[in-house]
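Residue-level structure breakdown
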Amino acid sequence: MNAGRLAAYAGLLVLGAIVGVAGALVQQAWAPGGLLLALAGSAGAFYGGSRATGTRGGAVAPAAGWLVAVMFLTATRPEGDFVFGAGLGSYVFLLGGMGVAVMCATLGQSPQPGASDARLGK
């Protein structure tokens, strides 16, 4: 692992945390569009990180940042305030984001086969 790849993973970790915070704030804003936007942003960060680095670690880094940010926001404060409500949308965002992270992290990175000169069916 070289310094460039380590910097890319660190940047993706921060990006995942930003996407997690933004998704937590947006998912309750415009029902159901905010939830779909939050999940699409999470999926874009996870899958984009995987494609940008060409490794599964590229999806794991933003997923780890997303998970840390979201878990931090689900904890209650001494005043009793918290970001997530007890609605269905919050649970869909939490479980859906985790599911998308697992899908993107386990998605294969196999290259496409090269073009063949032979015609199909012959």
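In short, a report on the structure. (Residues numbered from 1 in each chain as written. Predicted model: local features only at pLDDT ≥ 70, side-chain atom pairs only at ≥ 80, totals over all residues. Heavy atoms only, no water.)

**Quick word on helix α2 (residues 33-53)**
- With 21 residues, α2 extends 30 Å from end C-alpha to end C-alpha; this agrees with the ideal 30 Å at 1.5 Å per step.
- Listing the buried residues of α2 in full gives G34, L35, A38, L39, S42, A45, F46, G49, S50 and T53. Buried residues of α2 fall within an arc of 150° about the axis and therefore sit on the same side. Opposite its buried face, α2 presents the exposed residues L36, L37, R51 and A52, each directed more than 90 degrees away.
- Elements in contact with the buried residues of α2: α1 (3-26), α3 (57-74) and α4 (88-106).
- In the segment just after α2, G54 is the residue with positive phi, at about 75°. (Helix = DSSP H or I, 4+ residues; strand = E, 2+ residues; numbered from the N terminus. Expected span 1.5 Å × (residues − 1). Buried < 20%, exposed > 50% of the residue type's maximum accessible area, 1.4 Å probe, protein only. Arc of directions from axis to C-beta. Contact = heavy atoms within 4.5 Å.)

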